[in-house]
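Structural overview
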Amino acid sequence: MEASAQIGVTGLAVMGRNLARNFARNGFTVAVHNRTPGRTKTLIEEFGHEGTFVPARSPQEFVAALERPRRLLIMVKAGEATDEVIEEFAPLLEAGDMIIDGGNAHFADTRRRERALRERGLHFVGSGVSGGEEGALHGPSIMPGGSAESYAVLGPMLERISAHVDGEPCCTHIGTDGSGHFVKMVHNGIEYADMQLIAEAYHLLRDVGGHTPAEIAETFREWNRGRLDSYLVGITAEVLAHTDAGTGRPFVDIVRDAAEQKGTGRWTVQTALDLGSPVTAIAEATFARVASSRTGLRAAYRPLPGGRRQRLDPDVAGRFTRDVEQALYASKVIAYDQGWTMIRDAAAEYGWDIDLGAVAKIWRGGCIIRAAFLDRIRAAHAATPDLVSLLAEERFAAEITDAQQAWRTVVATAAHRGVPVPAFSAALSSYDTLRGEHLPAALIQGQRDYFGAHTYRRTDREGTYHTLWSEPGRLEVRTDGGA
Ligand code: 6PG
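Quick look at the structure, then. (Residues numbered from 1 in each chain as written. Predicted model: local features only at pLDDT ≥ 70, side-chain atom pairs only at ≥ 80, totals over all residues. Heavy atoms only, no water.)

**Describing the site of the ligand**
Every one of the 15 residues lining the ligand counts as a neighbour, but N104, S130, K184, E191 and Y192 are closest to it. N188 is positioned such that a nitrogen or oxygen atom in its side chain is 3.1 Å from an oxygen atom of the ligand. Relative to its unbound accessible area of 420 Å², the ligand is 79% covered by the protein chains. The element contributing the most residues to the shell around the ligand is helix α8 (residues 179–207), with 5 residues. (Near = heavy atom within 4 Å. Polar contact = N/O pair within 3.5 Å; in protein donor to acceptor, adjacent residues only side chain to side chain. Areas by Shrake-Rupley, 256 points an atom, 1.4 Å probe, with all protein chains shown as cover. Helix = DSSP H or I, 4+ residues; strand = E, 2+ residues; numbered from the N terminus.)

Here it is in structure tokens:
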């Protein structure tokens with residue numbers, strides 16, 4: 001077998017197959033392999049005309065087809081399957097060869113694999129790939145980690161097959177080891193928040209505004225022509241406009257209201273708790289999916305009283321729709337800011353040199369959260385490289401200021417009418433928490449010191465203190481040895 005392929009793809013389910021096709025369509029010779037050979041055969045039969053493929057019937061043939069340094073893209077289910085495929089191929093490779101994992105692996109697994117393979121002289125590149133099967137074929141957003149040396153070889157290829165916005169690839173070297181998969185995980189966490197916020201806006205327009213799914217679809221189409229212009233808002237209009245052929249009812253009314261999740265949103269929240277990153281909107285969006293699926297709990301709560309379930313008068317409903325747009329946008333800014341804070345926190349924790357503006361740049365196209373809004377985030381970071389928050393940028397701050405009344409009216413109206421808006425509320429409360437001058441955390445410190453002697457700091461002087469709550473006079477003692 002002549003070693004002629006610039007890239008090899010093993011794992012030819014939809015994503016792997018479409019990435020292989022994308023590479024071939026872009027002029028690369030692509031070696032293709034699948035554990036069950038039938039998939040390889042089908043790929044060649046159906047798409048062999050799209051470019052130069054080298055089908056391989058075994059791992060040995062697959063490796064032999066690859067030019068040096070060999071580049072193997074594995075597209076298999078995250079978890080043990082990835083470790084199995086790595087062990088199947090690593091012994092066949094030579095120093096300098098590289099294995100790319102394009103699945104949704106947990107970044108900690110990627111850090112472990114990168115370290116282990118580096119010790120064997122191999123490069124391991126964990127790469128986020130966002131955009132689903134259409135994105136994989138026509139141009140995804142690609143978030144590779146790994147060594148700078150591997151990106152020098154892989155980068156031009158990945159940039160060529162990625163989506164492009166304003167002539168720029170939606171692919172960049174995120175940083176070392178697991179940073180690529182970490183950033184993809186946060187992308188998915190933001191995706192959860194974005195989807196939940198959109199769903200809450202829909203719920204409000206339906207249950208409070210009294211609009212039909214078709215009318216709300218039109219509202220989302222209008223919003224998609226403005227500052228909420230995004231893939232998710234666009235597909236929401238399509239989903240809401242869709243009618244179920246079998247019943248003639250709105251599609252959204254025949255779908256069971258229990259949201260599922262493959263796990264990347266959950267990982268985001270778990271990791272955020274470890275990092276101390278307050279991703280409250282992402283967390284509430286993840287828990288909203290969990291709660292929607294708890295049929296037993298929901299049955300127990302269903303008979304209980306709620307808010308004042310009545311529709312707005314038509315002349316007020318129009319104003320409410322405009323308020324919901326403001327609330328959706330303001331909440332989206334907070335959710336995205338939380339995601340960026342988490343990436344910044346992880347970069348500091350793991351020693352990654354991540355260009356936060358570049359992350360926004362490559363998310364402008366190809367990925368599920370692609371949106372015009374991301375160009376605003378890119379520009380904000382370009383203008384102020386050490387930007388600590390989007391709300392430190394004057395235009396975002398002005399938009400949040402303008403949205404105050406509407407945002408609060410929408411959250412209050414939802415509460416009064418018993419419409420759950422966990423992500424809207426979390427975003428607003430996160431905003432109020434971070435801008436708050438006197439938080440009730442002071443009382444919590446007092447409680448903790450009372451029952452656990454966990455000490456506290458004072459507002460008026462340095463040091464840590466404990467009050468002798470169980471003794472007469474409840475004297476305060478300094479506990480850090482200072483005078
Ligand atoms: C993407 C998507 C994708 C995600 C699936 C399922 O960026 O292309 O985020 O990676 O895993 O859409 O996501 P959930 O099942 O977690 O909703």
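Continuing now.
**Looking at helix α9 (residues 213–223)**
Every α-helix winds through 3.6 residues per turn, so residues three or four apart in the chain are directed the same way. For α9, every residue scored as buried is listed here: P213, I216, A217, T219, F220 and W223. Along α9, the residues classed as buried sweep out an arc of 160° about the axis, all on the same side. With respect to the buried face of α9, the exposed residues turned more than 90 degrees away are A214 and E222. (Buried < 20%, exposed > 50% of the residue type's maximum accessible area, 1.4 Å probe, protein only. Arc of directions from axis to C-beta.)

**Some remarks on the side chain of R417**
With respect to the helices, strands and loops of the structure, R417 is situated in helix α18 (residues 394–417). Of the side chains with opposite charge, D313 lies nearest to the buried R417, which makes no salt bridge, at 7.6 Å. (Lys, Arg positive; Asp, Glu negative; His and termini not counted. Salt bridge = Lys/Arg side-chain N within 4 Å of Asp/Glu carboxyl O.)

**Regarding the nonpolar core**
Among the nonpolar cores identified, the biggest contains 83 residues, and F182, L204, F220, W340, W363, W407 and F424 are the most heavily contacted of them. With 16 residues, the top contributor of residues to this core is helix α15 (residues 314–350). Contacts of F220, omitting those with residues within four sequence positions, involve I198, A201, Y202, V233, T236, A237, L240 and L328. Judged by nonpolar contacts, the second largest core, of 27 residues, contains I7, L19, A20 and I100. (Core = buried A, V, L, I, M, F, W, Y, C linked by side-chain atoms within 4.5 Å. Contact = heavy atoms within 4.5 Å.)

**Focus on the pairing of strand β1 (residues 7–10)**
Covered by surrounding structure in β1 are I7 and V9 together with G8 and T10, the residues of both alternating faces. The pairing of β1 with strand β2 (residues 29–33) spans 4 bridges and is classified as parallel. Looking at β2, one finds that G8 is bridged to A31. The β-α-β motif built from β1, the intervening helix α1 (residues 14–25) and the parallel element β2 has right-handed crossover chirality. For β1 and strand β4 (residues 71–74), the ladder comprises 3 bridges, and the chain directions are parallel. Within β4, the residue paired with V9 across the bridge is L73. (Pairing = 2+ DSSP bridges. Right-handed = clockwise from strand over helix to strand, strands pointing away.)

**Notes on the pattern of salt bridges**
All chains considered together, the criterion is met by 37 salt bridges. In this structure, the salt-bridge partner of E94 is R68, at a minimum N-O distance of 3.4 Å. Pair noted here: E94 is in the loop between α4 (80–89) and β5 (98–101) and R68 is in the loop between α3 (59–64) and β4, with a separation of 26 residues, a long-range link. The partner of D432 in a salt bridge is R408, and the shortest N-O contact between them spans 2.7 Å. With D432 in helix α19 (residues 422–435) and R408 in helix α18, the pair connects residues that are 24 residues apart, well separated along the chain. Residue classification places D432 among the partly exposed positions, given a relative accessible area of 23%. The exposure class of R408 is partly exposed, given its relative accessible area of 31%. One connected set of salt bridges, linked through shared partners, spans D166, E168, K361, R364, D375 and R378.

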